Amino acid sequence: RLVNIVAFGNERDGFSEDNQQPSLILSYLGRSALISQIDSSLSASQAGNPVFTEYQACVFGNVRLMVHDCPVWDIFDSDWYTSRSLIGGADIIVIKYSVNDKTSFQELKDSYIPMIKKALNHSSVPVIVSAIGARKNGVPCTCPLCTSDRRSCVTTSEGVQLAKELGATYLELHTLNDFYIQKYFGGVLEYFMIQSLNQKSSEKLKKKKKTQKSHRVQPPHLEQPEKMPILKGEASHYNADLHNLLCCCQCADVVFHPEDLSTMVEAHKVILCSVSHLFMLLFEVKSPADICDASIVRTAQSLFAVETGTAFPPAAHGVPPCASPVRVVVKDSVFCSCLPDILHFIYSGAFHWERLEEDIKKKLKDPEKTEHVLEKVKCILKTPGKINTVKDCRSQQMKRLYNTSLRLFFNTPVLADVIFKIQGATVPAHRAVLVARCEVMAAMFNGNYLEANNVLVPVYGVSKDTFLSFLEYLYTDSCCPASILQAMSLLICAEMYQVMRLQHICELYIITQLQSMPSRELASTSLSIVSLLKKAKFHNSDCLSTWLLHFIATNYLIFSQKPEFQDLSVEERHFVEMHRWPSRVYLKQLADYRNYVHSQKCHCAVM
């Protein structure tokens, strides 16, 4: 017997510097008298950071307990398929948050609770919402009407409302001591464990009763169809692509340097403007009237000066001759010495504020100068009209900055340095984004090709709408096809430009849509599955073509009646006949059983 528990969220408040603060799950496993034989292991993401900790133990003597503790909500952004599979296999879900981390709670409520509700899909899995910690601005108050700590802490009423949205049980654990862990949290968790075990036992008993057959002749048993090949999603490398762009300095269109020209640092206007209103002001994307923040205007004027009338000779980094880099003088010499670290910080997309602090401290070795530079960086990242704090710079929301802010420059002529001509229309774009995200375009704009020196680039073999969807993915790392046919067109475009992750996303979309299609709709649809199969094979989509062959075989009775079935090759037809469902043997056994029933002059309740 097995009980699966999945825990999401971080019980440590964002202001605490105590990294040794015990976790709720580990504290329960270590203190409960019912738990024994505890074992743990880490699951690491592509970047090497632990995504979740897996604990295995025994509970109630002989029941296996499997716990997945996911302290970072990023799993919903980077690997939605894994997070959905964890929720789908859970018997109990625990959601944790610190009452002293209002920002993280708001992000949980706005961004991740809708994802959890969608993954639960009205299932009856019990959910426990655990509010952890004593509120730091006074004596903890459990009154739902109390508003004394509403500004900086998460109130009880907010936690109760969150639990209501999920139909969950709400618990407040002021400290992780024996009472709150064993009797309060442990009591509720063990109650749900017992309920889960009872439900599984009941379902097993019902299944056993159904399988008890009478002694009379039974109809043939229909085996389940073969399992479809599983297609796994590819992890995003969006942040790494943009960071590599800075390291390679391809298509750089701005050069920062001190007044004595002792050093040169290259960058890209579209990337800088996508993260900073100050750079928008500096490169005239916005005016001071648009910014409406005097501190940003003052910082821009005190830090930088754009040189006019002087240009570098054409660079050898993929910039067309007609667009030489803009020269920007960095007036502050201390800030200029730290500019490479600051640009790496901005381009990384992860916004590791602590790492930036350490790098600048090591370089300057002067607390006052370090604080001076960090304050300038905060102003660069500042949202107009808002006071930025260190907490804002550490916010998890910064991790998704690029794929929302670069959207501002998608399909717009602002800062564009290339124009695609397709089906009589023009589509503006930015070489820096294209080169960073697509290796084919990187070769096209940096090699000995006409496109490397031309602003106007013709595009053939793809429609305008499909190409716009392709560009949208490059800018935002996301795509939402409107139909299976549009997804197939986007897949073909992704194969043309060798963007493999987009190709996999389109494959998954097509598979998901076909799997959710009822048999009646599948029989009446004008969509040709065989045609999709041919296109998938032609464009080297091996996973999709293999899956489609299994799909046709699994729905043999539907597809064998369609004219398109005759378009299958000899090899494909052989595969389908070998893996068809239901099989020929079953159909023969069914015919024999019907003849038997008819000969006995009795009625078959099953048939």
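What you are looking at is a predicted structure, and each value in this text was computed from that prediction instead of being measured.

Cut-off values and rules
- Residues numbered from 1 in each chain as written.
- Predicted model: local features only at pLDDT ≥ 70, side-chain atom pairs only at ≥ 80, totals over all residues.
- Heavy atoms only, no water.
- Helix = DSSP H or I, 4+ residues; strand = E, 2+ residues; numbered from the N terminus.
- Buried < 20%, exposed > 50% of the residue type's maximum accessible area, 1.4 Å probe, protein only.
- Contact = heavy atoms within 4.5 Å.
- Areas by Shrake-Rupley, 256 points an atom, 1.4 Å probe, with all protein chains shown as cover.
- Axes fitted to C-alpha atoms, helices over the stretch in contact; angles between N-to-C directions.
- Parallel < 35°, antiparallel > 145°, perpendicular 65-115°, else oblique.
- Nonpolar A, V, L, I, M, F, W, Y, C, P; charged D, E, K, R; others polar.
- Arc of directions from axis to C-beta.
- Pairing = 2+ DSSP bridges.
- Phe/Tyr/Trp six-rings, centres within 6.5 Å; stacked < 30°, edge-to-face > 60°.
- Lys NZ or Arg CZ within 6 Å of the ring centre and 35° of its normal.
- Core = buried A, V, L, I, M, F, W, Y, C linked by side-chain atoms within 4.5 Å.
- Domains from an automatic or database assignment.
- Disulfide = S-S within 2.5 Å.
- Patch = residues over 30% accessible without salt bridge, like charges linked within 9 Å, V, L, I, M, F, W, Y side chains within 5 Å.
- Salt bridge = Lys/Arg side-chain N within 4 Å of Asp/Glu carboxyl O.
- Lys, Arg positive; Asp, Glu negative; His and termini not counted.
- Polar contact = N/O pair within 3.5 Å; in protein donor to acceptor, adjacent residues only side chain to side chain.

### Topic: the overall build of the chain
Inference 1: Along its length, the chain carries 28 helices and 14 strands.
Inference 2: Taken over 607 residues, the chain has a buried fraction of 47%.
Inference 3: In the chain, 67% of the contacts between residues at least 6 apart in sequence involve partners at least 24 apart.
Inference 4: Approximately 31200 Å² of the chain is accessible, and the part contributed by carbon and sulfur atoms is 53%.

### A look at the packing of helix α13 (residues 339-348) against helix α14 (residues 353-364)
Inference 1: Packing of α13 against α14 brings their axes to within 10 Å, and their N-to-C directions diverge by 170°. Put simply, α13 runs roughly antiparallel to α14. Taken together, the residues of α14 that come into contact with α13 (itself represented by Asp341, Ile342 and Phe345) are Trp353, Leu356, Asp359 and Lys363.
Inference 2: For the contact of α13 with α14, the residue count by class is 4 nonpolar, no polar and 3 charged.

### Some remarks on unusual backbone geometry
Inference 1: In the segment running from Trp581 into Pro582, the intervening peptide bond is cis, with an omega of 0°.
Inference 2: By the element assignment, Pro582 lies in the loop between α27 (570-578) and α28 (584-600).
Inference 3: Within the chain, Leu261 stands out as a residue other than glycine whose phi angle is a positive 60°.
Inference 4: Within the secondary structure layout, Leu261 lies in the loop between β8 (254-257) and β9 (265-267).
Inference 5: Despite not being glycine, Lys365 shows a phi value in the positive range, around 55°.
Inference 6: Residue position: Lys365 is located in the loop between α14 and α15 (367-380).

### Section: helix α7 (residues 238-248)
Inference 1: Of all the positions in α7, only Tyr238, Asp241, Leu242, Leu245 and Leu246 are classed as buried. One side of α7 carries all its buried residues, which in axial view fall inside an arc of 140°.
Inference 2: Following α7 by one or two positions, Cys249 has its phi on the positive side, about 60°.

### Looking at the sheet that holds strand β14 (residues 456-458)
Inference 1: Strand order in the open sheet made by the 3 strands is β13-β12-β14, with mixed pairing throughout. This sheet does not close on itself; its edge strands, each paired only once, are β13 (425-429) and β14. Taken over all neighbouring pairs, the strand axes of this sheet differ in orientation by 30° on average, direction set aside.
Inference 2: Note: strand β12 (residues 418-422) against β13, 5 bridges, orientation antiparallel. When the sheet's bridge partners are listed, Lys421 is paired in β13 with Thr426.

### Side note on the packing of aromatic side chains
Aromatic rings considered in pairs are described by the distance between their centres and by the relative angle of their planes.
Inference 1: As enumerated under the stated definition, the model contains 21 aromatic pairs in all.
Inference 2: With centroids separated by 6.0 Å and ring planes inclined at 55°, the aromatic side chains of Tyr180 and Tyr184 adopt a geometry described as tilted. Taken as a pair, Tyr180 and Tyr184 lie in helix α6 (residues 178-211) at a separation of 4 residues, close to a single helical turn.
Inference 3: We classify Tyr184 as partly exposed; its relative accessible area is 30%.
Inference 4: Here Phe256 and Phe304 contribute two aromatic rings whose centre-to-centre distance is 5.7 Å and whose plane-to-plane angle is 55°, an arrangement assigned as tilted. Here Phe304 lies in strand β10 (residues 304-306) and Phe256 lies in strand β8, a separation of 48 residues in the sequence.
Inference 5: With a relative accessible area of 1%, Phe256 lands in the buried category.
Inference 6: Owing to a relative accessible area of 4%, Phe304 belongs among the buried residues under this scheme.
Inference 7: Each member of the aromatic cluster is reached from another via a ring pair, and the members are Phe256, Phe279, Phe283, Phe304 and Phe335.
Inference 8: Over the aromatic face of Tyr473 sits the side chain of Arg437, whose NZ or CZ is 5.0 Å from the ring centroid.

### Thoughts on the nonpolar core
Inference 1: Residues Phe256, Phe420, Phe467 and Phe470 are the most contacted members of the largest nonpolar core, which totals 114 residues.
Inference 2: Counting contributing residues, this core receives three or more from each of domain 2 (245-309 + 323-384) and domain 3 (515-606).
Inference 3: For Phe467, the contacting residues outside a window of four places in its chain are Phe420, Ile422, Met441, Val459, Val462, Cys493 and Tyr497.
Inference 4: By size, the runner-up hydrophobic cluster in this structure holds 31 residues, among which are Ile75, Val127, Ala131 and Ala168.

### Looking at the state of the cysteines
Inference 1: Scanning all chains against the criterion turns up 0 disulfides.
Inference 2: The closest cysteine sulfur to the non-disulfide-bonded Cys248 is located on Cys247, 6.5 Å from its own sulfur.
Inference 3: Overall, the relative accessible area of 47% leaves Cys248 in the partly exposed class.

### What to know about the sheet that holds β9
Pairing between the strands of a sheet comes from backbone hydrogen bonds, and it takes one of two forms, parallel or antiparallel.
Inference 1: Overall, mixed pairing links the 4 strands, which are arranged β9-β8-β11-β10 in an open sheet. A single partner strand is all that each edge strand has here, and the edge strands are β9 and β10. The average undirected angle you get between the axes of adjacent strands in this sheet is 25°.
Inference 2: Strands β10 and β11 (326-330) of the sheet are contacted by helix α11 (residues 294-303), whose axis makes an angle of about 75° with β10.
Inference 3: Along the sheet, α13 makes contact with β8, β9 and β11, crossing β9 at roughly 20°.

### Describing a nonpolar patch on the surface
Inference 1: On the surface, Ile419, Val455 and Leu456 cluster together to form a nonpolar patch covering roughly 210 Å² of accessible area.
Inference 2: Tracing the backbone shows Leu456 in strand β14.

### Quick look at the environment of Val457
Inference 1: Tracing the chain through its elements places Val457 in strand β14.
Inference 2: The exposure class assigned to Val457 is buried, which follows from its relative accessible area of 2%.
Inference 3: Sequence spacing of Val457 and Thr426 is 31 residues, and the spatial spacing of their C-alpha atoms is 9.4 Å.
Inference 4: Once residues lying within four places of it in the same chain are set aside, the contact partners of Val457 are Val418, Ile419, Phe420, Lys421, Phe445 and Glu451.

### Remarks on the pairing of strand β5 (residues 92-98)
Inference 1: Across the 7 residues that make up β5, a large majority, 7, are buried.
Inference 2: Side chains Ile92, Val94, Lys96 and Ser98 of β5 all project onto a buried face; the interleaved residues Ile93, Ile95 and Tyr97 project onto the opposite face, where all are buried too.
Inference 3: Bridge count for strand β1 (residues 2-8) against β5 is 4 bridges, and the pairing is parallel. Each residue of the ladder has a partner; that of Ala7, found in β5, is Val94.
Inference 4: Sheet analysis places β5 next to strand β6 (residues 127-132), joined by 6 bridges and oriented parallel. When the sheet's bridge partners are listed, Tyr97 is paired in β6 with Ala131.

### Observations regarding the side chain of Glu564
Inference 1: Structurally, Glu564 is set in the loop between α26 (556-559) and α27.
Inference 2: It is Lys562 that comes nearest to the buried, bridge-free Glu564 among opposite-charge side chains, at 4.6 Å.
Inference 3: Within the structure, the side chain of Glu564 is placed 3.4 Å from the side chain of Ser528, a separation counted as a polar contact.
Inference 4: A distance of 3.0 Å separates a polar side-chain atom of Glu564 from the backbone nitrogen of Ile529.
Inference 5: If near-sequence neighbours (up to four positions away) are discounted, Glu564 is found in contact with Leu527, Ser528, Ile529 and Val530.

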